[in-house]
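Listed below are the residues making up each chain.
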Amino acid sequence: MNLKGKSLLTLDDLSDEDFLGLIDLAQELKAKKQSGEKGDLLHRKNIAMIFEKSSTRTRCATSIAIAEEGGRAEYLSAQDIHLGKKESPADTARVLGRLFDGIMYRGFKQETADLLARYSGVPVWNGLTDESHPTQTLADLMTVKEHFGKLAGLKVVYVGDGRNNVANSLMLGCAKAGMNFVNCTPVELTPCDELVAHSKEIAEKNGGSVAVEHEPTAEVMRGAHVVTTDVWVSMGEEDKRDERIELLKPYQVNMEMMTATGNVDNDQVIFLHCLPAFHDKNTELTQYIGAMEVTNDVFEAPFSKVFDEAENRMHTIKAMLVASL
Ligand code: CP
Ligand code: NVA
């Protein structure tokens, strides 16, 4: 694996081997941390963290990953800097590129991530845009690999908003890993044809498959090793809340769906969610309407590995930073 100096703007920036290599490296770094060994792989590296949207996991995972390997993180929220208001992405990028060794970017447009990479001259890592969430997929598949000891040949069913950032990156990541990926989503939220065709081509080359389905039937769920979903309303789409709730109600991941996999009793299925999740009356938003994309019993079940997945954000982001720098 040679990712030195490289950006990760979408998973297309990684060869299939490098994608799998980063998951292996993350597992090594996790074992290293657990053994108590101290890291210095980012010694004297300064990393800017531009966050235009809220974040708990990505922000904390990045800061901790940098600190644990002896580097230094500078958090820059949209309110702190001029980006997009008084200064273009190209100018901000040229300034930050003189000062920092790399930039983690979370924001709206994929184009901004591309511009930061083009003009800064240092690696830029996509910590989520409207279109993709590549570091999430690394953590998701690391969690699957920890549980099953392998990736290729496993069936992953994503149920929900099929064209959001998490779904897009997961489709491509599963294809790279030779998995059998099913995106189960309403027709209105079908992922873009070009991305589906591209992912299918990669999956088939790797002995896997990609399919889009529109009904979460028992047949679609049967044999799934991983069932996963994401919020129905992503950051920046708040005005679509009511229509999404109506559209996605039949796609709520519940115990019946999990049971339909046929893999609950033999411990051959896990549930994943990138988080944050609306699984109960646990938030300001759901206190009146209750769970949205996943029921509480599924979220809290022994087969739910969502907190392993959240922890693995740190190990995978660390692997990516270390490999690029
Ligand atoms: N999964 C994820 O990206 O979480 P945050 O929005 O908290 O970073
Ligand atoms: N699709 C979600 C992911 C959050 C981690 C969003 O963009 O809000």
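Note that the coordinates shown come from a computational prediction; the quantities given were computed from them, not determined experimentally.

**Student:** Can you break down the packing of helix 1 (residues 16-34) against helix 5 (residues 134-148) residue by residue, with the values?
**Tutor:** It is the contact of helix 1 with helix 5, at a shortest axis distance of 10 Å, that shows an interaxial angle of 70°. Taken as axis vectors, helix 1 and helix 5 run roughly perpendicular relative to one another. The interaxial crossing formed by helix 1 with helix 5 has right-handed handedness. In this structure, helix 1 contributes Phe19, Leu22, Ile23, Asp24, Ala26, Gln27 and Lys30 to the contact, and helix 5 contributes Thr137, Leu138, Leu141, Met142, Lys145 and Glu146. Within the contact of helix 1 with helix 5, the residues separate by chemical class into seven nonpolar, two polar and four charged.

**Student:** Got a sec to walk through the sheet that holds strand 3 (residues 102-106)? Specific residues and values, please.
**Tutor:** Here we have four strands laid out as an open sheet, ordered 2-1-3-4, and parallel in their pairing. Every interior strand has two partners, whereas the edge strands, strand 2 (72-77) and strand 4 (124-126), have only one. Averaged over all pairs of adjacent strands, the angle between their axes in this sheet comes to 20°, without regard to strand direction. Examined bridge by bridge, strand 1 (residues 46-51) and strand 3 share five bridges and lie parallel to one another. Considered in strand 3, the bridge of Ile50 is made with Tyr105. Docked against the sheet, helix 4 (residues 110-120) engages strand 1, strand 3 and strand 4, running at close to 165° with respect to strand 4.

**Student:** Which residues make up the site of ligand 1, and what values go with them?
**Tutor:** Close to ligand 1 lie Ser55, Thr56, Arg57, Thr58, Arg106, His133, Gln136, Cys274, Leu275 and Arg313, which account for all nearby residues. In the model, an oxygen atom of ligand 1 is placed 2.6 Å from a nitrogen or oxygen of the Ser55 side chain. Classifying every residue of the shell around ligand 1 gives two nonpolar, five polar and three charged.

**Student:** Before we move on, can you summarise the pattern of salt bridges with the specific residues and values?
**Tutor:** This model, assessed by the stated rule, comprises 17 salt bridges. Linking Lys32 and Glu69 is a salt bridge whose minimum nitrogen-to-oxygen distance equals 3.3 Å. Taken together, the positions of Lys32 in helix 1 and Glu69 in the loop between helix 2 (57-68) and strand 2 put the pair 37 residues apart, joining distant regions of the chain. Close ionic contact of Lys33 with Glu68 constitutes a salt bridge, the shortest N to O distance being 2.4 Å. With a gap of 35 residues between them, Lys33 in helix 1 and Glu68 in helix 2 connect regions that are remote in the sequence. Given the relative accessible area of 38%, Lys33 is considered partly exposed.

**Student:** Which residues make up the packing of aromatic side chains, and what values do they have?
**Tutor:** Applying the stated rule across the entire model yields two aromatic pairs. Taken together, a centroid distance of 5.5 Å and an interplanar angle of 45° make the contact between Phe51 and Tyr75 tilted. Within this pair, whereas Phe51 is found in strand 1, its partner Tyr75 is found in strand 2, the two being separated by 24 residues in sequence. A relative accessible area of 2% places Phe51 in the buried class.

Rules and cut-offs
Residues numbered from 1 in each chain as written. Chains lettered and ligands numbered in written order. Predicted model: local features only at pLDDT ≥ 70, side-chain atom pairs only at ≥ 80, totals over all residues. Heavy atoms only, no water. Axes fitted to C-alpha atoms, helices over the stretch in contact; angles between N-to-C directions. Helix = DSSP H or I, 4+ residues; strand = E, 2+ residues; numbered from the N terminus. Parallel < 35°, antiparallel > 145°, perpendicular 65-115°, else oblique. Left-handed = near helix turned anticlockwise from the far one by under 90°. Contact = heavy atoms within 4.5 Å. Nonpolar A, V, L, I, M, F, W, Y, C, P; charged D, E, K, R; others polar. Pairing = 2+ DSSP bridges. Near = heavy atom within 4 Å. Polar contact = N/O pair within 3.5 Å; in protein donor to acceptor, adjacent residues only side chain to side chain. Salt bridge = Lys/Arg side-chain N within 4 Å of Asp/Glu carboxyl O. Buried < 20%, exposed > 50% of the residue type's maximum accessible area, 1.4 Å probe, protein only. Phe/Tyr/Trp six-rings, centres within 6.5 Å; stacked < 30°, edge-to-face > 60°.

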